[in-house]
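Descriptive structure summary
Read off the chains here:
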Amino acid sequence: MLTQYGTLLVLDFPPNAEFGIDTAAWVVGEKFQGLKLIPPGVHFVFFSVGDKFGSMSPRTGFWINIGAGEVIVRRWGTNEEQILPVGVDYLDDERESFIAGVRRMEFDDRLGPYPVDQLSVWNRLTSFISTHTVDRIQSVSQVVVSSAAAEDSQSRHSSNPSSKTLGNAATQSHTLFFLTIPERVLPPNPNAQQVTKYSMDKSLVLEKVLAELKNEWSELLGEMQFAFVCFMFGQLYEAFEQWKGIVILMCFCEEAILQYVDLFSNFIQSFSDTLPMIPDDFFVDIISKDNFIVKAFSSFFELVDGDISSVSMVAKCEALKSKLFAKFGVDFSMPIDDDDAPVIVSE
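Residues numbered from 1 in each chain as written. Predicted model: local features only at pLDDT ≥ 70, side-chain atom pairs only at ≥ 80, totals over all residues. Heavy atoms only, no water.

Here we come to helix 8 (residues 217-232). Here helix 8 contains 16 residues, and its C-alpha end-to-end distance of 23 Å stays within 8% of the 22 Å for a straight helix at 1.5 Å per residue. With 14 of its 16 residues buried, helix 8 lies for the most part within the structure. (Helix = DSSP H or I, 4+ residues; strand = E, 2+ residues; numbered from the N terminus. Expected span 1.5 Å × (residues − 1). Buried < 20%, exposed > 50% of the residue type's maximum accessible area, 1.4 Å probe, protein only.)

The subject of this paragraph is the packing of helix 11 (residues 261-274) against helix 13 (residues 292-305). One can describe the packing of helix 11 onto helix 13 by two numbers: an axis separation of 14 Å at closest approach and a directional angle of 145 degrees. For the pair helix 11 and helix 13, the sense of crossing is left-handed. Counting all contacts with helix 11, which are made through Phe264, Phe267, Ile268 and Phe271, the residues of helix 13 involved are Ile293, Phe297 and Phe300. Among the residues forming the contact of helix 11 with helix 13, the class breakdown is seven nonpolar, no polar and no charged. (Axes fitted to C-alpha atoms, helices over the stretch in contact; angles between N-to-C directions. Left-handed = near helix turned anticlockwise from the far one by under 90°. Contact = heavy atoms within 4.5 Å. Nonpolar A, V, L, I, M, F, W, Y, C, P; charged D, E, K, R; others polar.)

The next point concerns the packing of aromatic side chains. Here the structure, examined in full by the defined rule, presents 29 aromatic pairs. Over the ring of Tyr198 we find Lys197; its NZ or CZ atom is 5.3 Å from the centre of that ring. Above the face of the Phe292 ring, Lys244 is positioned so that its terminal group lies 5.3 Å from the ring centre. (Phe/Tyr/Trp six-rings, centres within 6.5 Å; stacked < 30°, edge-to-face > 60°. Lys NZ or Arg CZ within 6 Å of the ring centre and 35° of its normal.)

To continue, consider the side chain of Lys321. Residue placement: Lys321 occurs in helix 14 (residues 311-328). Beyond its immediate chain neighbours, meaning those up to four positions away, Lys321 contacts Phe301, Asp305, Val330 and Phe332.

The subject of this paragraph is the packing of helix 13 against helix 14. The description of two helices packed together rests on the angle between their axes and the distance between the axes. Orientation of helix 13 relative to helix 14, taken along the N-to-C sense of each, is 150 degrees, at an axis distance of 10 Å. When the axis of helix 13 is compared with that of helix 14, the two are roughly antiparallel. Here helix 13 runs over helix 14; the crossing is left-handed. Residues Phe297, Phe300, Phe301, Val304 and Asp305 of helix 13 form the contact with helix 14, whose participating residues are Met313, Val314, Cys317, Leu320, Lys321 and Leu324. (Parallel < 35°, antiparallel > 145°, perpendicular 65-115°, else oblique.)

Our next topic: unusual backbone geometry. For Gln142, which is not a glycine, the phi torsion comes out positive at approximately 60 degrees. With respect to the secondary-structure elements, Gln142 resides in the loop between helix 3 (131-137) and strand 10 (144-145).

Right, let's get into the pairing of strand 3 (residues 24-27). When strand 2 (residues 18-21) meets strand 3, the two strands line up antiparallel, connected through four bridges. Bridging across to strand 3, Phe19 finds its partner in Trp26. The hairpin turn running from strand 2 into strand 3, its antiparallel successor, is two residues long, and Asp22 in that turn takes a positive phi close to 60 degrees. (Pairing = 2+ DSSP bridges.)

Attention now moves to the confidence of the model for the chain. With 82% of its residues at a pLDDT of at least 70, the chain reaches an overall mean of 86. The lowest-confidence element of the chain is strand 12 (residues 343-344), averaging 48 in pLDDT; the highest-confidence one is strand 4 (residues 34-38), averaging 98. With pLDDT under 50 throughout, residues 163-170 is counted as low confidence; its partners more than four residues away or in other chains account for five contacts. (pLDDT = per-residue confidence, 0-100.)

This part is about the environment of Phe228. Mapped onto the secondary structure, Phe228 falls in helix 8. For the pair Phe228 and Leu125, spaced 103 residues apart in sequence, the C-alpha to C-alpha distance is 8.6 Å. In this view, Phe228 contacts Leu125, Trp243, Thr274, Met277 and Ile278; residues no more than four positions away in its chain are not counted.

Taken as a whole, this structure holds 13 salt bridges when the rule is applied. Note that Glu18 is salt-bridged to Arg59, the shortest N-O span being 2.7 Å. Highlighted residues: Glu18 in strand 2 and Arg59 in the loop between strand 5 (41-48) and strand 6 (60-66), separated in sequence by 41 residues. Judged by its relative accessible area of 12%, Arg59 falls in the buried class. (Salt bridge = Lys/Arg side-chain N within 4 Å of Asp/Glu carboxyl O.)

Now the structure itself:
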């Protein structure tokens, strides 16, 4: 079993703290020292530690890419309040001794098993996230700091000028390297008709973004999934904005939808796979702000309905409409109202 799966050893992790991997999380006890039986591949680890008053700190996370039989050794840094790679306070030979101890099963009763019942869900959520995706986007610190944690750090450093400088440097080291998505891209020397057209049709924006990715459209979907995970499980608002930006981009490409059928077909499937993870009241909160999902998919479904050549994509859209209705009561089959959005069916 040890040769088929990976192990994440976390030394000195405080008890009564939250520890999670992928879509599962637990409050751990005194004996907890990590996870075993982790399937090879990319995973997202996150945690939140309680203070002396019983309040939980804002969530922090990091990505790992674990191989079959690999042992990753981390430790809890009390001063840093982070899970750190071993090597900061431990010598290499000590690190190797921990790895050997794991392989001799010395830590087995202190390692929780990976929640294998959640693996299929995780695989669907991250089907386009490669090691290249993670390496391309993750921050210099390789840590995903939630929006609340970042605000807490800034407030603690704000009163002291020198400390504030350190705080700003730390914030910059946590910045994720997401793609920049322009509001619009126009052809060279556009006429009035083209300005109007490409102010609504984001096909040229998509072309520009894909060019940055060397036309690897799977990397765009990988970034969308990466952003969703960092938002949903890392509680990072910046990641929500990137996920939202990619969804909007994909939903307003009138020309490109005919050229990149595989991309758009997989986009529908990938978005559908995120729906079970979104809280039922999330959509209501979004509607109260700017209704972006409703408007975006109203446009997208119209584009697909106008392209009768892709039977598979039409079928996937119909399935997505049903899922949106089942989860949020959004009926895209009814006539569009004056606000260019579908009817929201109330209970």
